[in-house]
Each structure stands twice: as structure tokens, then as C-alpha cells.
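The residues making up each chain are set out below.
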Amino acid sequence: MLAGCRFQAANALRPLARTITYRASNFYTDPSKNQEPGVSTSPDISTEQREILDRALRVDQAGEIAANWIYRGQFAVLGRDPRVGPLIQEMWDQEKVHLEVMDKLQLQHEVRPTLLSEFAKAAGFALGAATALMGKEAAMACTEAVETVIGEHYDDQLKDFELLPSSHPSIPLLRDVIKEFRDDELEHLDTAVEHHSQRAPAHALLSAVVGGGCKVAIELCKRF
């Protein structure tokens, strides 16, 4: 019941309709757009606004590092599985793009990376591998729990970004990137549920532990 409610809450964050024709991340992955002002410059903003931007990008970059290593750990165990392996690879490939974009955003806005990046890699790989060793359903339950927290986190972040000025082209672009990544993460959540995440042994406990760990990690990366 709790898992179902959490899944419904995450679904409520998803827009009623989503067009695929525009992906804001293309501005960071397409070399021809490298000199666009929204990609190459950062706004002159107040100290309070700068703290919002710095904290957000530091956490987001760390989160994408961890996500990549979670999928790396899952793939190390289940990569040869003919059904689950390609799913993990597909989601991992998308997270690689997310990390590429976050790395460029960190440089663009001159944000200090988290001091916990190496820990994020190690913890992410351990979590991915451990849940995969518990079985396919447990691996999908891990994805469900992580993506639920990240989807909610990105949605909360968009509210914080309302305090940033839209007059500089990098800010509307950043909002669009976060919306895009939020929707990607919620699609991963859908994929996990469709592939029986909620059949995992002790699903509620596993979800609570993984989700709680993600929330603690977010708060630590804001500070460090």
C-alpha cells in the first residue's frame, strides 16, 4: 500500500503531456551550441540566489554520479540477463547523458563539486550490485526507490528556481534541463514498476532504506 501511494505521488509530478521534440540537454551535448549564451555564461545574481544555484547543481551532479554507479553495479551482476540487462543498459545510457550535462553545468556556473564524489561512486556501485545480487525484482525496487526520491527532489528544485532571474538565458535553459531530467527519472520509475519492482522480497523495507539513504545523501551533498 505504501509503495503504491509513493508511486502515485511520483506519477502526479509528471506533466499530463510531454513532447519529445525539444530536449534542453541538446544545448549541452551538441558541440555546435557551445557558444550559445545560455550554455557559455552565468548570471550575475545575489548571494542568496547564488547559494540556491550552487547547492542545486552540486547535489544534482553528485546524484548523477551516484546514479551512474548504481547502474554500473546492477549491470555488473545482471548485464547478461537477456531481459533485464538491456533495460539497465538503456537507463544507464540516459544517466551518462545526465552526468555529461551536469558536469558542463558545474563548469559553466563555477560550482564547487561535492567533496563526497568518491563516496557517491563507491556507495552507488555497492547499492546497485547488492540489490542486483538479491534478484531482478530487488534491482528494480532499488531503481523505483531512487527515482522516486530524485523525481520529487527535482520537482522541489524547480520551485526554488523560481527565485532565480529569467532575464539571463542560462536560467530558463536550466529549468528546462531539470524538467527533462525529472521526466527521465520518472520514466525509469515506470520501467522499474512495469518489471515487477514491487514483487521484490521485503519491498517496503527495501524501498524505505534506499529512499531514506538517498534523502540523507542529498542533504550531505548540499553541505559538503
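Residues numbered from 1 in each chain as written. Predicted model: local features only at pLDDT ≥ 70, side-chain atom pairs only at ≥ 80, totals over all residues. Heavy atoms only, no water.

What counts, and what does not: UniProt positions are given in the numbering used here, feature names are shortened, and annotations may be inferred rather than shown by experiment.
Naming follows an unreviewed UniProt entry, where the protein appears as 5-demethoxyubiquinone hydroxylase, mitochondrial of Suillus luteus UH-Slu-Lm8-n1. Of the comments in the UniProt record for the protein, the one headed Pathway (unreviewed entry) reads "Cofactor biosynthesis; ubiquinone biosynthesis." We quote the UniProt Subunit (unreviewed entry) comment for the protein here in full: "Component of a multi-subunit COQ enzyme complex, composed of at least COQ3, COQ4, COQ5, COQ6, COQ7 and COQ9."

### Considering the UniProt feature "binding site: Fe cation 1" (unreviewed entry) in the protein
The criterion, for reference: Secondary structure follows DSSP: runs of H or I at least 4 residues long count as helices, runs of E at least 2 residues long count as strands, and numbering of each begins at the N terminus. Between buried and exposed lies partly exposed: a residue is buried under 20% and exposed over 50% of the maximum accessible area for its type, with that area taken using a 1.4 Å probe on protein chains only.
Those places that UniProt annotates as "binding site: Fe cation 1" (unreviewed entry) correspond, in this numbering, to Glu64, Glu95, His98 and Glu185. Sequence-wise these annotated residues cover 122 residues; spatially they are packed, their C-alpha atoms never more than 10.7 Å apart. On the secondary structure map, Glu64 appears in helix 4 (residues 47-78). With a relative accessible area of 2%, Glu64 lands in the buried category.

### Notes on unusual backbone geometry
For residues besides glycine, phi is generally negative; the peptide bonds are generally trans as well. We note that Glu110 has phi near 55°; this positive angle belongs to a residue other than glycine. Its identity is not glycine, yet His196 carries a phi of approximately 70°, on the positive side. Given a relative accessible area of 26%, His196 falls into the partly exposed group.

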